[in-house]
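A structural walkthrough
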Protein chains: 2
Amino acid sequence: MPDLTGEAEIALRRYRSETLQYAPLLGLAPLREWICNYLQVDGVKVSPEQIIIVNGAKHGLDLICRLLLDPGDCVAVTAPTYFTGIPIIRSYGVEFIEVPQDEEGMSVDTLHHQIERRKRENRPAPKLIYDIPDFHNPTGITMSKRRRLQLVELAASLGVAIVEDSPYREIRFTGAQVPSLKSLDTNDSVFQLGTFSKLMAPGLRIGWIAATQENIERIGRLKSDGGTCPLTQRIIYEYCAAGKLASHLDLVRKRYQEHRDTMIASLTSFTPKMRFKAPDGGYYIWARLPREMDSNLFAKQALARGVELFSGEQFFVGKFADYPVNSAAGSGYVRLSFSFASPAQIEAGIARLMDLLPNDRAVSRDKM
Amino acid sequence: MPDLTGEAEIALRRYRSETLQYAPLLGLAPLREWICNYLQVDGVKVSPEQIIIVNGAKHGLDLICRLLLDPGDCVAVTAPTYFTGIPIIRSYGVEFIEVPQDEEGMSVDTLHHQIERRKRENRPAPKLIYDIPDFHNPTGITMSKRRRLQLVELAASLGVAIVEDSPYREIRFTGAQVPSLKSLDTNDSVFQLGTFSKLMAPGLRIGWIAATQENIERIGRLKSDGGTCPLTQRIIYEYCAAGKLASHLDLVRKRYQEHRDTMIASLTSFTPKMRFKAPDGGYYIWARLPREMDSNLFAKQALARGVELFSGEQFFVGKFADYPVNSAAGSGYVRLSFSFASPAQIEAGIARLMDLLPNDRAVSRDKM
């Protein structure tokens, strides 16, 4: 966690009238400019007017849903997808389309076929497509450039919006960065969600949306909170403007890579029957249990041993029982997080899972 | 504006892992306990489980609407009412009932008649009644105890919720405090909204809702923002727990009373044709222009002279043109705010309004 005491003192002394008064509805101007520059460096063509500050990325997703969705609309998500996103989207009374993923990310061909079939059945195309293309939550998959291009083209051709939720993009340990959907978007289809939660600290509750100026202004009118906290915005701006974010991120990447490597080594030596693909970044490993195991029961038994992990069930929009057993969209997976626990805790935690796995049978040869 | 640098240092040094990590969804436990005690002192029977921390009172109103309202529902508000509340409520696709006010506050008899008439017409009763009973925005009126009892009884008998928006309650200069609606509520009808914006500083964006535990938990599930900023919550808690709020409020009351008195003196000497009733507290004076004047034009002309005031039009849910001219719910009023400007600015500002008012006719004898 970064030391923000100096920034807080600057914010509360030098900028007291700014930080303790109502803030501009779209966010503090210097912070919007800083984010704009940060996104430009990442290849996104954007101006400060195309950015709104929100109370974390979840709040951003909620506002985009409020802008775009009406009851009865349809939203496409990967199966599995970010579990906190599901109830936010669902609260708008929409229908979901679930799209499978492979190692290149969301299967855009499948999505296209689903939309074509719906068209033949006189059912509407999705109004928006939600995805986490970098180090996907929970699968850890990063979408290939080819697939990204395909997705933005499909969205453009159908006039569908894309929400690119991008909290982990900077947390890459290995491999080369892939262009963001927003940077590939030539049709203003993409709403990109960013957050300081994963860059600096989750408690700060400051994120942003990058979209067209018109949509940003419309979102501003939907933001009923009287402006996001200017004190936190100023603290973050002072930290970033002082150039501290880059070295902090270096440290975060180094730490989390150690965590990931420890988790991979522990899984390999203690629980070889759990199958996974090592992610190039992010927070999560999506691990498959041996065929006969129930992930809900496994998560419960793990918790009883002091190990917190999430059953795969929570990452699907439908009822778990409705999915074919051991299908890609089915049971048998758990999400392991390596971000919070220390390497020693990770090693001890994975070791404790050993007892829960069968040790008297041949190692399952199922592929991910 | 209070000096919060010491509190920020405590929050970011001693409580770093709390303030920079995700916060409990319903708010930091010590702050909820502090608020609970604060409300108990004000006569409200409440436990910490019946309080949720939100991102300012507007966010609280939005969450209550999200909990209670469906499209086609009906909401009762005073005419005029708080203008920022209108679009928040309206965004839920509801119909409004406008209820007039007299010097005792909302006319509960009229509301009752309106509901009875709707019943005869097979139209639904309101799902909620929204009001600001203390130093009403914009009228400055404080509801009498008799009227409050009548309102909570009516709500209880019909099973209607009340939103008691109470940002100005502590800003009383003269007269005795009247029991809050929440303290008079024996039927769990009242959702009480509080905020640190008016107690400490608007930029902090921290408010709360007090309601039943069941409703607080349901609201928590609707709160999509990943928890309200724990850093700001901790800063506020440290400030309040150190006993600094009471002396700060004494100062605020003293200052704002000077502001109010200056505004009253200036209006009396410079613009005797503007009629008003001096409020006992709060931020606002609701002033009536002479009969023939248009408040929109007046506000525009005032702004051109560097004086910011709000035309009454913005405080009504309907189209201004639909109201009878000079009716209580009609044109001809402006809202003057004495909270932000200094006494010298207030005096100079009111003096500049002189030119805009007729000086060649007899003083209007209209009553408020």
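What this report covers is the structure whose coordinates are included nearby. (Residues numbered from 1 in each chain as written. Chains lettered and ligands numbered in written order. Predicted model: local features only at pLDDT ≥ 70, side-chain atom pairs only at ≥ 80, totals over all residues. Heavy atoms only, no water.)

**Examining the packing of aromatic side chains**
- Under the counting rule described, the total for this entry stands at 30 aromatic pairs over all chains.
- Their ring planes at 55° and their centres at 5.1 Å tell us that Y168 of chain A and Y283 of chain A sit as a pair that is tilted. With Y168 of chain A in the loop between β7 (161–165) and α8 (181–184) and Y283 of chain A in the loop between α11 (244–270) and β10 (284–288), the pair connects residues that are 115 residues apart, well separated along the chain. Pair check on accessibility: Y168 of chain A and Y283 of chain A agree, each one buried.
- Centroid distance W34 of chain B to F196 of chain B: 6.1 Å. Interplanar angle 40°. Geometry classified as tilted. Taken as a pair, W34 of chain B in helix α3 (residues 29–41) and F196 of chain B in the loop between β8 (190–195) and β9 (207–210) lie far apart in primary sequence, 162 residues in all.
- On the accessibility criterion, W34 of chain B (18% relative accessible area) is buried.
- We note R234 of chain A situated over the ring of Y15 of chain A; from NZ or CZ to the ring centre the distance is 3.5 Å. (Phe/Tyr/Trp six-rings, centres within 6.5 Å; stacked < 30°, edge-to-face > 60°. Helix = DSSP H or I, 4+ residues; strand = E, 2+ residues; numbered from the N terminus. Buried < 20%, exposed > 50% of the residue type's maximum accessible area, 1.4 Å probe, protein only. Lys NZ or Arg CZ within 6 Å of the ring centre and 35° of its normal.)

**Some words on the relation of the copies chain B and chain A**
- Of the two same-sequence chains, chain B is brought onto chain A (RMSD 0.0 Å, axial shift 0.0 Å) by a rotation of 180°. This pairing of chains is accounted for by a two-fold axis. When C-alpha positions in chain B are compared against the rotation axis, the closest is assigned to A8 of chain B, at 3.2 Å.
- Most of the interface of chain B is mirrored in chain A: 100% of its interface residues are interface residues there too. (Least-squares fit on C-alpha atoms with pLDDT ≥ 70 in both. Contact = heavy atoms within 4.5 Å.)

**Describing the pairing of strand β2 (residues 74–78) of chain B**
Residues and elements named next belong to chain B.
- Extensive coverage of β2 is indicated by the burial of five of its five residues.
- Because side chains alternate across β2, one face comprises the buried residues C74, A76 and T78, and the other comprises V75 and V77, equally buried.
- Looking at chain direction, β2 and strand β3 (residues 95–99) are connected through five bridges and run parallel. Within β3, the residue paired with V75 across the bridge is F96.
- After leaving β2, the chain enters helix α5 (residues 85–90) and then returns to the sheet as β3, a path that is right-handed. (Pairing = 2+ DSSP bridges. Right-handed = clockwise from strand over helix to strand, strands pointing away.)

**Examining the pairing of strand β6 (residues 128–131) of chain A**
All names here are of chain A.
- Of the two faces of β6, the one lined by L128 and Y130 and the one lined by I129 and D131 are each fully buried.
- Bridge count for strand β2 (residues 74–78) against β6 is three bridges, and the pairing is parallel. Bridge pairing links A76 to I129 in β6.
- For β6 and β7, the ladder comprises four bridges, and the chain directions are parallel. Each bridged residue has a counterpart across the sheet, and for Y130 the counterpart in β7 is V163.

Distances and angles like these do not, on their own, reveal function.
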